[in-house]
Amino acid sequence: MNIVEKDRERYREIFGERDKQKDYWVYSICSLCYGECAIRVRVVDGRPVAVEGVPESDRGAQGGLCGKGVAALLDFYDPNRILYPVKRTNPRKGIHEDPKWQRISWEEALDTIAEKLVAAMKKDPRTVCSSYTPGPTGGMRGNVTWRRFFQALGGSRALGGPGIMCGGAAHHVGALQYAAWDIIPDYRFCNYVLRCGGAESWASGRNSGASVRQAAAARERGMKLKVMDPQGFTVASLGREWIPILPATDIAVFLAIGNLIVNEIGIYDKEYIRHKTNGVYLIGPDRLYVREKQTGKPLFFDEADGNVKTYDDPTLTQPAIEGKYIANGVECRPAFALVKDHLKQYKPDWASEISTVPADTIRRLARELVDEARIGSVIEIDGVKVPYRPACVVGYKGMQTHQNSFHAYTAMHLINVLLGNQDVCGGILGSGVPRSLGYPETGRFQFSPYGGVEGMLTVGPWPISTGGSMSWPPSKVTGPGNSWSFNDVLGHATLDVYTEDWEELWSNAGSPFKPEVFGTYGGNVVMNIVRPESAEKFLRKVPFAFALQPFHNETTEGFCDIVLPESHYLETLDVCSAFGVTYNYPTGLDKWSMHLRMPVTEPRGEARHAQDVMNDLADRVGIRRKYNAALDDFYTFRKARQPNPNVEIPRIIEPEEEVSNIEMVDRILKYHFGEKRGLERFRDNGFLTWNKKPEEAYWRWFINARIPIYFENHEEDREEIKKRAEKIGFHLNWDYFTGLTSYFPSVIFTELPADSEYDLFVISQRDSLMTYRFTAHNPHIDKVASRNPYTYNINMNVGTGREKGIRDGDTICLENHWGDKVTGTVKLSQLVHPKVVAICGLGSWAKGAPISRGKGVNPNALIRQDQHHFCIISSSVEPTVRVKAYKIKETR
Amino acid sequence: MRWGMVINLNKCIGCDACAVKCNQEHFLPKGVLWSKTLISETGKYPRVKKHVYPVLCNHCKDPACTKVCPTGATQQREDGIVWVDQNKCIGCRHCMISCPYQSRSYHSEEKEYYPGQGFTEWETIGRILYPLRVGVVSKCIFCKERIDEGIKKGLKPGVDREATPACVIICPAKARYFGDLDDNESEVSKLIHEKGAVQLYRAHGTDPSVYYIGGIEEAPVVTKYFGIRVFDTSPELTFKEGATGSEENE
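Residues numbered from 1 in each chain as written. Chains lettered and ligands numbered in written order. Predicted model: local features only at pLDDT ≥ 70, side-chain atom pairs only at ≥ 80, totals over all residues. Heavy atoms only, no water.

The next point concerns the overall build of chain A. For chain A, the count of helices and strands is 27 helices and 34 strands. Relative to its length of 892 residues, chain A is compact, with a C-alpha radius of gyration of 26 Å against a globular reference of 29 Å. The C-alpha extent of chain A, read off along each of the three principal axes, is 75 × 70 × 60 Å. Restricting the contact set of chain A to residue pairs at least 6 apart, pairs at least 24 apart contribute 73%. (Helix = DSSP H or I, 4+ residues; strand = E, 2+ residues; numbered from the N terminus. Rg over C-alpha atoms; globule rule 2.2 N^0.38 Å. Contact = heavy atoms within 4.5 Å.)

Right, dumping it as structure tokens:
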């Protein structure tokens with residue numbers, strides 16, 4: 001019996017009786033965005049007919065569910081689903097090419113794929129590259145099931161996939177400062193949120209259902225929401241104040257606010273800086289840490305006794321945050337003193353000129369944040385005292401995805417540091433809870449951040465650490481030649497293969513290897529990163545490409561040789577969507593809620609579970625042992641980099657086992673939650689929930705670890721990075737690698753003159769019914785979204801439209817200075833900055849997604865990335881483009 | 001006993017989950033929508049307000065529609081729910097013209113959700129569970145089948161999910177409430193009283209059973225059906241339905 005047959009037989013053993021009932025509910029997890037809210041699905045005569053949230057669970061909206069999750073039910077019945085393997089018979093590859101699919105058997109499909117993989121591995125495993133995204137029905141299987149296969153194979157890191165807005169800086173700084181994927185306000189207690197870009201609490205994304213619920217309740221009880229954003233019709237519409245701003249200029253406002261707080265208002269959380277940041281590490285004239293000569297440990301000055309001590313000295317009591325001292329015979333100052341002085345240059349009037357946010361508004365925001373933060377206050381929860389700081393600045397997506405993103409994002413978080421609100425009650429939390437003290441009955445399911453190298457905060461949960469280069473300690477450069485994303489040269493940043501100058505750079509590096517096989521899961525790299533032509537240039541070069549998807553898209557049709565049918569998420573048993581993906585664990589004091597994606601029915605047609613497919617491929621390719629080890633590491637949290645790496649951690653999956661998906665899920669559940677809480681228990685009870693402790697929700701002051709507010713590793717590594725990178729043709733502003741968060745204008749303000757005819761800035765924004773282009777293919781979503789004036793149209797300021805002779809409903813063209821164009825219907829709105837054009841990223845053409853064809857606009861078609869258009873510290877692509885707009889057809 | 005609904009616009013995020021859930025709950029065919037969101041803007045940049053009003057049939061206490069129905073298809077129950085008996089409806093659409101809130105939909109023809117690809121199993125199931133004849137008018141029914149079945153089981157509408165309208169239970173912001181307006185102690189009655197919830201366009205005189213917390217009685221929202229503009233109070237206001245959207249824009 002092969003692995004698939006084993007799985008099906010076991011499925012019938014476990015779910016067979018249930019499936020015979022006429023009318024029953026199944027607990028599962030939504031997959032229409034990476035919020036992965038808990039759902040329950042009503043099944044009548046074996047057919048899913050209704051879906052809603054789970055009222056008793058804190059994972060999601062406690063019974064509510066967004067429109068995407070509800071509408072997703074129809075996708076199960078979509079006649080366009082891929083139900084059997086297909087192969088391309090049109091040898092030409094390219095955007096808009098018709099693949100002319102031919103149905104083939106699973107044997108032929110897997111044999112072909114395995115043959116190609118083996119041949120590529122023989123040449124060089126790095127010639128196998130992959131891509132994934134938390135796709136429309138893929139959930140987080142991309143990160144686990146798919147990605148670990150390619151890691152086990154020795155393949156190259158994922159290319160693109162997650163999309164242009166995906167948070168390079170957010171994840172990097174999230175890992176460094178929060179030991180988390182990113183951040184979310186503690187809505188239960190927060191009284192004031194300054195939100196800068198990002199649609200969390202309004203649309204999709206991690207914790208989406210929960211944050212909508214929490215934020216709505218918070219606003220109802222009086223939480224003030226202020227939104228700084230180039231457009232005001234998404235989350236800003238919920239707030240008390242919309243503060244329009246030019247894209248990519250938030251950095252100026254943040255630095256000015258930081259300056260006001262530290263150097264004018266003078267009220268900030270000194271104890272937080274003293275005990276929780278590297279603001280106390282002594283910096284010498286060379287801008288590096290002053291270190292103890294014998295041990296190399298960084299040094300502090302202890303105000304309590306006037307001595308210089310190492311960072312881990314047990315007598316250290318009152319490390320200084322200001323002043324001048326002598327250590328190792330050199331004059332030195334605490335890093336915070338440098339930060340404080342450095343901020344003085346960033347004045348509100350200066351920031352106003354750059355951002356168009358009035359200087360008085362900047363001053364007022366600084367004052368409001370300080371007043372609302374109640375610095376110094378404490379709250380008692382369940383007998384545990386924690387700091388209480390009910391004010392925060394939060395941002396994601398649009399704000400942090402720019403060419404200056406690292407500095408912009410650290411500038412934002414500097415404000416949170418000054419307020420002392422990180423991972424304390426009412427403040428800003430690492431989303432998903434980075435710390436678990438364990439499931440009460442077993443003690444397993446345990447992870448925690450800790451103070452690692454040089455006492456710096458180090459992530460506990462593995463997903464962040466295996467992001468590769470994002471978390472502490474910093475990566476050292478070793479290349480070029482090992483990575484075609486150049487992160488072996490740039491450190492934490494990666495430059496995508498879809499950039500305009502990638503070929504030249506790779507050639508300069510000696511073209512160490514070339515792509516042989518490309519595997520994509522859940523994503524749509526042709527559409528969701530840069531202009532399709534740039535993706536096409538790379539993908540055309542790949543001799544063999546394959547995908548595992550439930551639906552076709554522009555990437556599969558244009559470039560894949562074989563597409564395998566993945567089961568729809570309502571047919572899927574999957575634990576990784578609920579588990580180990582830390583950013584969706586309920587935040588703050590919401591209860592731990594462990595759910596499972598459970599099938600409503602067996603897969604239709606010949607569709608298969610992704611885990612079974614990858615297990616099968618692992619066997620064929622000969623990497624089962626490594627793959628099992630990778631999955632086992634993941635599910636046991638073995639690589640969580642706990643302080644004691646020598647602790648014996650029992651296995652869930654033995655190296656040579658041909659374990660099926662369903663068996664694996666059962667074992668994982670029992671491993672963490674006990675023998676009585678395996679798959680059958682979840683089948684009958686739906687989910688598991690237990691109370692969260694304040695020491696978990698608000699862990700910051702319970703862990704002895706510091707975060708960087710001075711990035712000494714940048715000072716240390718700058719010359720080495722510059723040397724290696726310039727050797728292969730990177731010519732960039734290496735001043736970005738500075739210890740002090742500083743103002744750098746995004747390239748969009750420097751590459752063209754201020755009076756350029758390309759006078760508008762294109763941004764893209766979320767829509768509450770759209771996430772991924774895939775959602776536009778759902779007829780129920782389309783039915784309702786087509787009534788929304790902002791969804792399918794190009795949104796432009798009313799006054800700007802009038803100046804340009806453009807009227808509501810006209811067809812216009814947006815053209816960038818490279819000559820790329822998009823056209824669409826315009827909606828004139830008062831809720832858009834006059835210099836901005838806002839577009840929801842759509843504009844599909846795939847034949848396999850007919851409902852979405854020709855609807856909306858693809859703003860990514862205007863984006864060209866190269867070494868000058870991405871952040872060299874944390875990889876964020878610059879997604880804002882300057883365009884000129886002109887009418888091409890009147891509406892009337 | 002008079003069933004009513006309160007929608008809290010301070011919590012509502014305009015996500016349209018209500019509209020989509022209603023569509024799913026009643027297997028609405030293509031071209032028919034019982035629950036909608038009206039969107040508009042007032043003010044001038046940068047001092048602008050976006051208005052989002054989820055709307056549905058108001059199940060008015062004194063409905064205009066029942067007075068004009070020639071066949072008695074449109075009728076009102078004792079608990080206030082207004083519904084259309086499609087076996088009696090002749091599709092004259094006088095009710096649609098008379099309704100000041102334009103809450104009704106006319107099912108003009110059978111259309112596939114995936115044009116040219118046949119009806120999906122979901123649509124086929126819908127035609128069995130919730131058949132809707134071509135040529136009739138339909139609208140929100142406050143999920144009366146959920147209410148009636150729920151009461152039979154001893155459940156309380158507005159409290160027990162199974163007995164409560166689908167749009168109420170699905171709201172992720174928990175912005176919707178349902179209950180008995182004739183009971184002063186019900187949650188909806190208390191909310192109306194304590195939060196100053198308003199009815200839309202009271203001046204029409206039909207006494208709607210749907211109230212809005214944080215709403216404006218003469219709400220600056222626009223809907224356009226059959227060329228009739230309603231709620232259009234501002235000459236600066238523009239509203240453009242999705243230009244490349246579906247055939248909803250009749």
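In this complex, chain B contributes 61 residues to the contact, which on the side of chain A involves 70 residues. Across the interface of chain B and chain A, roughly 5400 Å² is buried in total on both sides, 55% from carbon and sulfur atoms. For the interface between chain B and chain A, the tally reads four salt bridges. A salt bridge links A:Arg47 to B:Glu121, with the nearest nitrogen and oxygen atoms 2.3 Å apart. Residue assignment for the side of chain B that touches chain A shows that the elements contributing at least two residues are α1 (17-25), β2 (36-44), β3 (47-55), α4 (121-129) and α6 (166-170) of chain B. Counted by class, the side of chain B that touches chain A contains 29 nonpolar, 16 polar and 16 charged residues. (Buried area = accessible area lost by both parts, 1.4 Å probe. Salt bridge = Lys/Arg side-chain N within 4 Å of Asp/Glu carboxyl O. Nonpolar A, V, L, I, M, F, W, Y, C, P; charged D, E, K, R; others polar.)

A separate point is the environment of A:Thr295. Residue and element names in this part refer to chain A. Relative to the helices and strands, Thr295 is located in the loop between β11 (282-283) and β12 (299-302). For Thr295, a relative accessible area of 45% corresponds to the partly exposed category. Distance from Thr295 to Asp182, taken between C-alpha atoms, is 34 Å for residues 113 residues apart in sequence. At a separation of 2.3 Å, a polar atom in the side chain of Thr295 contacts the side chain of Glu292. In this structure the side chain of Thr295 is engaged in a polar contact, spanning 3.2 Å, whose partner is the backbone nitrogen of Lys297. (Buried < 20%, exposed > 50% of the residue type's maximum accessible area, 1.4 Å probe, protein only. Polar contact = N/O pair within 3.5 Å; in protein donor to acceptor, adjacent residues only side chain to side chain.)

Okay, the sheet that holds strand β32 (residues 821-829) of chain A next. Residue and element names in this part refer to chain A. Sheet architecture is closed into a barrel: six strands sit in the order β29-β33-β30-β32-β31-β34, paired in mixed fashion. The mean angle between the axes of side-by-side strands here comes to 45 degrees, regardless of whether they run parallel or antiparallel. Strand direction decides the pairing type here: strand β31 (residues 811-816) and strand β34 (residues 881-889), joined by six bridges, are antiparallel. In the strand pairing of β34, Ile812 is matched with Lys887. (Pairing = 2+ DSSP bridges. Axes fitted to C-alpha atoms, helices over the stretch in contact; angles between N-to-C directions.)

We now examine the packing of helix α10 (residues 348-355) of chain A against helix α11 (residues 359-373) of chain A. Residues and elements named next belong to chain A. Packing of α10 against α11 brings their axes to within 8 Å, and their N-to-C directions diverge by 120 degrees. Looking at the two axes, α10 sits oblique to α11. For the crossing formed where α10 meets α11, the hand is right-handed. Within the contact between the two elements, α10 uses Pro348, Asp349, Ala351 and Ser352 and α11 uses Ala359, Ile362 and Arg363. Along the lines of polarity and charge, the residues of the contact of α10 with α11 split into four nonpolar, one polar and two charged. (Parallel < 35°, antiparallel > 145°, perpendicular 65-115°, else oblique. Left-handed = near helix turned anticlockwise from the far one by under 90°.)

Moving on, we come to empty space enclosed by the protein. Residue and element names in this part refer to chain A. Taken as a whole, the largest cavity encloses approximately 140 Å³ of empty space. Contributing to the lining of the largest cavity are 20 residues, with Cys37, Cys66, Lys68, Ser208 and Gly209 lying nearest its centre. Only α2 (67-76) and α6 (208-220) provide two or more residues apiece to the lining of the largest cavity. In terms of residues, the lining of the largest cavity owes the most to one element, α6, which gives three residues. Taken together, the residues of the lining of the largest cavity break down into 12 nonpolar, six polar and two charged. (1 Å grid on protein atoms, 1.4 Å probe; cavity = no way out; pocket = protein on both sides within 12 Å on 5 of 7 lines; lining within 4 Å. Points joined across faces, edges and corners; volume = space filled by probe spheres on them.)

Attention now goes to the confidence of the model for chain B. Residues and elements named next belong to chain B. With 88% of its residues at a pLDDT of 70 or more, chain B shows a mean pLDDT of 88. Note on residues 224-250: pLDDT is under 50 here. Beyond four places in sequence and across chains, it has 83 contacts. Scored as a whole, the predicted complex attains pTM 0.95, and scored at its interfaces, ipTM 0.95. (pLDDT = per-residue confidence, 0-100.)

This part covers the pairing of strand β15 (residues 330-334) of chain A. All names here are of chain A. Relative to β15, β11 runs antiparallel, the two sharing two bridges. Across the sheet, the residue bridging to Leu282 is Pro334, located in β15. Looking at chain direction, strand β14 (residues 325-327) and β15 are connected through three bridges and run antiparallel. Note on β15: the bridge partner recorded for Ile326 is Glu331.

Moving on, we get to α2(A). Judged by how many residues are buried, α2(A) sits mostly within the fold: 10 of 10 residues are covered. For α2(A), the elements touching its buried residues are β2 (38-44), β3 (47-53) and α26 (779-785) of chain A together with α1, α4 and α6 of chain B.

On to the packing of helix α1 (residues 3-20) of chain A against helix α22 (residues 661-673) of chain A, then. Geometry of a packed helix pair, given as the angle between the helix axes and the separation of the axes. Residue and element names in this part refer to chain A. Between α1 and α22, the least distance of the axes is 8 Å, while the angle of their chain directions is 50 degrees. Comparing the axis directions of α1 and α22 gives the class oblique. Where α1 approaches α22, its residues Asp7, Arg10, Tyr11, Ile14 and Phe15 are matched on the opposing element by Asn661, Ile662, Glu663 and Asp666. In terms of residue class, the contact of α1 with α22 is made up of four nonpolar, one polar and four charged.

Residues and elements named next belong to chain A. Reading across from one edge, β10-β9-β8-β18 is the order of the four strands in this open sheet, with parallel pairing throughout. If you trace the sheet from one side to the other, it starts and ends with β10 (241-243) and β18 (391-395), each paired once. Going from strand to strand, the sheet's axes swing by 20 degrees on average, the running direction of each strand aside. When strand β9 (residues 224-228) meets β10, the two strands line up parallel, connected through three bridges. The residue of β10 that forms the bridge with Val227 is Trp242.

In this section: the packing of aromatic side chains. Throughout the structure, instances matching the rule amount to 55 aromatic pairs over all chains. Look at A:Phe445 and A:Trp592: their rings are 5.8 Å apart centre to centre, the planes differ by 90 degrees, and that puts the pair in the edge-to-face class. Taken as a pair, A:Phe445 in the loop between β20 (436-437) and β21 (446-447) and A:Trp592 in strand β27 (residues 592-594) lie far apart in primary sequence, 147 residues in all. Its relative accessible area of 1% is what places A:Trp592 among the buried residues. Between B:Tyr113 and B:Trp122 the ring centres are 6.1 Å apart and the planes differ by 65 degrees, which places this aromatic pair in the edge-to-face class. For the pair B:Tyr113 and B:Trp122, a shared accessibility class is recorded, and that class is buried. Taken together, the ring pairs in this structure connect A:Tyr439, A:Phe445, A:Phe447, A:Tyr585, A:Trp592, A:Phe637, A:Phe673 and A:Trp690 into an aromatic cluster. (Phe/Tyr/Trp six-rings, centres within 6.5 Å; stacked < 30°, edge-to-face > 60°.)

Residue and element names in this part refer to chain A. Residue placement: Ser436 occurs in strand β20. Ser436 sits 260 residues away from Glu696 along the chain, and the two C-alpha atoms are 5.8 Å apart. From its side chain, Ser436 meets the backbone nitrogen of Gly438 in a polar contact 3.1 Å long.

The next thing to look at is the side chain of A:Thr555. Residue and element names in this part refer to chain A. Residue placement: Thr555 occurs in helix α19 (residues 554-559). Among the residues examined, Thr555 registers a relative accessible area of 1% and is labelled buried. Within the structure, Thr555 has its side chain in polar contact with the side chain of Asn524 (distance 2.7 Å). Filtering out sequence-adjacent residues up to four positions away, Thr555 remains in contact with Thr520, Asn524, Val525, Val526 and Cys560.

A few words now on α4(B). Residues of α4(B) that are buried include every one of B:Trp122, B:Glu123, B:Ile125 and B:Gly126, and no others. Here the buried residues of α4(B) occupy an arc of 160 degrees about the axis, which is enough to place them on one side. On its buried side, α4(B) packs onto β3, α2 and α26 of chain A together with α1 of chain B. (Arc of directions from axis to C-beta.)

This paragraph deals with unusual backbone geometry. A cis amide bond links A:Gly479 to the next residue, A:Pro480, at an omega of 10 degrees. Assignment of secondary structure puts A:Pro480 in the loop between α14 (462-465) and α15 (487-490). Residue B:Tyr45 is joined to B:Pro46 through a cis peptide bond whose omega torsion reads 0 degrees. The residue B:Pro46 is located in the loop between β2 and β3 in this model. Unusually for a residue other than glycine, A:Phe445 sits at a positive phi of about 60 degrees. We note that B:Tyr201 has phi near 45 degrees; this positive angle belongs to a residue other than glycine. With respect to the helices, strands and loops of the structure, B:Tyr201 is situated in the loop between α7 (187-195) and β9 (210-213).

Attention now goes to the pattern of salt bridges. As enumerated under the stated definition, the model contains 81 salt bridges over all chains in all. Close ionic contact of B:Glu121 with A:Arg604 constitutes a salt bridge, the shortest N to O distance being 2.6 Å. Highlighted residues: B:Glu121 in helix α4 and A:Arg604 in the loop between β27 and α20 (610-621), drawn from two different chains. Look at B:Glu121 and you get partly exposed, because its relative accessible area is 30%. One salt bridge connects A:Glu720 with A:Lys723, and the closest N-O pair in it is separated by 3.6 Å. Separated by three residues within a single helix, A:Glu720 and A:Lys723 lie in helix α25 (residues 712-727), roughly one turn from each other. Overall, A:Glu720 belongs to the partly exposed group, its relative accessible area being 29%.

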